[in-house]
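# An overview of the molecular structure
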Amino acid sequence: MPNNTSPVWDSVKNFTQDAVNAIAPYIPTYYIGYGVGTAQNTFNKLKDLYSAYKQNGATYAAQQYGEPSVRQAIKAADWLSPLNMSDVNKHQYVSCVGSTGGPLATAETLIGGAKKEIDDYKKKMNDEELLKQYGGRWGVIGDGLKDLGNDVKGAWKGIWSDNPEKCEELLPEKYRNKRY
């Protein structure tokens, strides 16, 4: 270890100090502060989101904190639910509408679809009548996988279209342009 009084050590210290002094005015402290502030805000929002989820469930949390297109998709799902139409159309349309808000909205939409299928799975597996209707355990699993596949197809269309109106073609003719 060099001695603190050696001329070589003094020149290394001086060079380092001069380099730091030369660079310091160009260090983007604003961006560092902005990044720290953004991280704190994001953490607080995630805590609020988790609290809303734990207290009121996933749908409530999505309605409060989801991307606007995801909130629109929840309304669309409520509108479509009682209609006599193929599950294929319903899954694709809702996922398409939810995904028009971009990558974050697409992730939220697909996670919501997976959550719904998990809930459906639990419900169907614990109800003998439903289990029989779906042809047993493998029938329930197959139906859930089919639904998830349709969610992905709809999300793919939605993320590339940027416009919920373009999702209308996923609905039967008689239901198009009839907003929820």
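Described in the following lines is the structure provided in the data block. Residue numbering note: each chain is counted from 1, following its sequence as written. Whole-chain, interface and lining totals are the exception, using all residues; otherwise, since this is a predicted model, local features are given only for residues with pLDDT of at least 70 and side-chain atom pairs are given and counted only at 80 or more. Side-chain measures here rest on the full set of heavy atoms in the structure, leaving out hydrogens and waters.

## What about the environment of Lys 45?
Along the chain, Lys 45 turns up in helix H2 (residues 29–56). Counting along the chain gives 20 residues from Lys 45 to Tyr 65, while the straight-line C-alpha distance between them is 8.5 Å. Elements are defined by DSSP. Helices are runs of H or I of four residues or more, strands are runs of E of two residues or more, and each kind is numbered from the N terminus.

## A look at the pattern of salt bridges
Note on definitions: salt bridges are taken to be side-chain nitrogens of Lys or Arg within 4 Å of carboxyl oxygens of Asp or Glu. Going through the model one piece at a time under the given rule, you end up with eight salt bridges. In this structure, Lys 124 and Asp 143 form a salt bridge, with 3.1 Å as the shortest nitrogen-oxygen distance. Separated by 19 residues along the polypeptide, Lys 124 in helix H6 (residues 103–125) and Asp 143 in helix H8 (residues 137–161) bring together distant segments of the chain. Considered together, Lys 124 and Asp 143 belong to a single accessibility category, that of buried residues. Note that Lys 146 and Asp 143 form a salt bridge whose closest N and O atoms lie 3.7 Å from each other. Only protein chains enter the accessibility calculation, which uses a 1.4 Å probe; a residue is then buried when its area is under 20% of its type maximum, exposed when over 50%, and partly exposed in between.

## What to know about the packing of helix H4 (residues 68–80) against helix H5 (residues 87–99)
A fitted line through C-alpha atoms represents every axis, and for helices the fit uses only the stretch in contact; the resulting angles, taken between N-to-C directions, go from 0 to 180 degrees. Put simply, H4 and H5 touch, their axes get as near as 7 Å, and they point 160° apart. By the angle class used here, H4 and H5 are roughly antiparallel. When the axes of H4 and H5 are compared, the crossing they make is right-handed. Between H4 and H5, the contacting residues are Ser 69, Val 70, Gln 72, Ala 73, Ala 76, Ala 77, Trp 79 and Leu 80 on the first element and Lys 90, Tyr 93, Val 94, Val 97 and Gly 98 on the second. By the convention adopted, Pro, Cys, Tyr, Trp, Phe, Met, Ile, Leu, Val and Ala count as nonpolar, Lys, Arg, Asp and Glu as charged, and the other residues, Gly among them, as polar. When grouped by side-chain class, the residues that make up the contact of H4 with H5 number nine nonpolar, three polar and one charged. Note on angle classes: values under 35 degrees are labelled roughly parallel, values over 145 roughly antiparallel, values of 65 to 115 roughly perpendicular, and the remainder oblique. In this scheme, a crossing is called left-handed if the near helix is turned counterclockwise away from the far one by less than a right angle; it is called right-handed if the turn is clockwise. For this analysis, residues touch if any pair of their heavy atoms sits within 4.5 Å.

Nothing here speaks to function; it is geometry throughout.
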